[in-house]
Amino acid sequence: MARIIPIAHDTDKTEAIAAATEVLLRHLPVAIPTETVYGLAADATHPAAITSIYETKGRPRFNPLICHMADLAMAEGYAVFDPISRQLAEAFWPGPLTLVLPLKENSGIHPLATAGLDTVGIRVPVGFTAELIRSLGRPLAAPSANSSGRISPTTAEHVEADLGQRIEVIVDGGPCPVGVESTIVKVEDGEIRLLRPGGVAVEAIESVTGKPVIRPKVSGTAAIEAPGMLASHYAPNAAVRLNATEVSTREALIAFGPDDISGAAAAHAVFNLSPKSDLTEAASNLFDYLKRADASGAAGIAVARIPDEGLGEAINDRLMRAAAPRGTKE
């Protein structure tokens with residue numbers, strides 16, 4: 001059962017930061033209070049830590065996760081700010097606004113946290129969570145602290161009732177004052193696009209910038225850029241073929257486990273997600289190996305069968321999107 005640590009006093013915060021940090025350094029998630037909802041937080045730079053978020057939530061999906069920073073200065077170390085995004089950060093951080101920004105090269109944020117995209121959603125939260133991040137010295141990826149499909153938690157009791165048997169520490173900061181997730185926006189070509197409505201009103205954003213916010217059209221074809229959006233397939237330039245039992249000389253092979261694939265010795269390139277058939281290892285390698293296979297110059301990418309269980313569900317979900325006909329999105 002999770003240990004619940006209240007943070008009504010400064011001495012409590014010191015204890016909570018120490019306890020949470022100890023768990024985070026073991027690449028496991030902790031539940032933390034923010035002004036929006038309680039988050040299930042783990043080190044955004046480590047693949048095992050991010051994987052532990054998906055496993056704890058119970059239905060792993062490779063969706064981009066918001067990465068929480070201690071302050072604007074920390075965020076500048078991981079992402080590139082245009083003038084409008086900087087204006088919004090200075091106006092609304094700390095607070096319930098997430099900015100989707102281009103990643104800096106070699107930023108350190110793991111691709112599992114960004115779903116393989118070259119952008120990252122960043123937020124600076126109010127209060128304890130920012131203090132924890134500052135103490136840890138690393139950004140925290142933190143979706144809502146609930147099982148997949150459940151209502152987002154706004155109290156420590158909500159978290160305990162849902163995830164209390166699956167996590168070690170819940171930091172109790174009382175009821176979340178905002179109580180809804182953050183607003184997510186992205187600035188492109190000088191225009192502000194709303195990706196998800198939330199705790200900062202669109203009108204407030206327009207008032208600060210003097211620019212209209214473009215609301216999304218109701219569509220089933222929106223590409224996934226942030227939490228709360230419909231997912232789209234990840235599409236390499238090379239065609240992807242799933243459940244392969246053989247591979248041609250023109251194809252790159254993405255293998256899994258020790259099983260032999262016919263023609264592997266003569267394949268254009270070979271990458272094994274996990275020679276020991278470890279789905280956690282496979283998940284952490286997936287985006288990197290897809291990109292490497294695509295960059296190898298192969299005409300196609302053949303992917304061996306991945307068990308459809310545990311994290312295999314998430315791996316197969318993303319692979320099916322990668323293999324979808326061009327222009328087909330969910």
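Attention here is on the structure that accompanies the text. (Residues numbered from 1 in each chain as written. Predicted model: local features only at pLDDT ≥ 70, side-chain atom pairs only at ≥ 80, totals over all residues. Heavy atoms only, no water.)

Quick look at the packing of helix 9 (residues 279-295) against helix 10 (residues 311-323)
Here's step 1: In the contact formed by helix 9 and helix 10, the axes pass within 9 Å of each other and the chain directions differ by 15°. Comparing their axes, helix 10 and helix 9 come out roughly parallel. Considering the relative orientation of helix 9 and helix 10, their crossing is left-handed. Here L279, T280, A282, A283, L286, F287 and L290 of helix 9 come into contact with helix 10, specifically with L311, G312, I315, R318 and L319.
Here's step 2: Class assignment for the residues of the contact of helix 9 with helix 10 results in nine nonpolar, two polar and one charged. (Axes fitted to C-alpha atoms, helices over the stretch in contact; angles between N-to-C directions. Helix = DSSP H or I, 4+ residues; strand = E, 2+ residues; numbered from the N terminus. Parallel < 35°, antiparallel > 145°, perpendicular 65-115°, else oblique. Left-handed = near helix turned anticlockwise from the far one by under 90°. Contact = heavy atoms within 4.5 Å. Nonpolar A, V, L, I, M, F, W, Y, C, P; charged D, E, K, R; others polar.)

Considering the pattern of salt bridges
Here's step 1: Considering all chains together, one arrives at 16 salt bridges under this definition.
Here's step 2: One salt bridge in this structure joins R3 and E15, with 2.4 Å as the shortest N-O distance. Placement of the pair is R3 in strand 1 (residues 3-6) and E15 in helix 1 (residues 10-24), with a sequence separation of twelve residues.
Here's step 3: A relative accessible area of 40% places R3 in the partly exposed class.
Here's step 4: D43 is paired through a salt bridge with R138; the nearest N and O atoms lie 3.0 Å apart. (Salt bridge = Lys/Arg side-chain N within 4 Å of Asp/Glu carboxyl O. Buried < 20%, exposed > 50% of the residue type's maximum accessible area, 1.4 Å probe, protein only.)

Section: the sheet that holds strand 12 (residues 239-241)
Sheet strands associate in pairs through backbone hydrogen bonding, adopting either a parallel or an antiparallel arrangement.
Here's step 1: One open sheet accounts for four strands, arranged 12-15-13-14; its pairing is parallel. Of all the strands in the sheet, just strand 12 and strand 14 (269-272) have a single pairing partner and so form its edges. Each strand of the sheet is rotated relative to its neighbour by a mean of 20°, with strand direction disregarded.
Here's step 2: One ladder, built from four bridges, connects strand 13 (residues 251-255) with strand 15 (residues 300-303); its direction is parallel. Across the sheet, A252 pairs through a bridge with I301, a residue of strand 15. (Pairing = 2+ DSSP bridges.)

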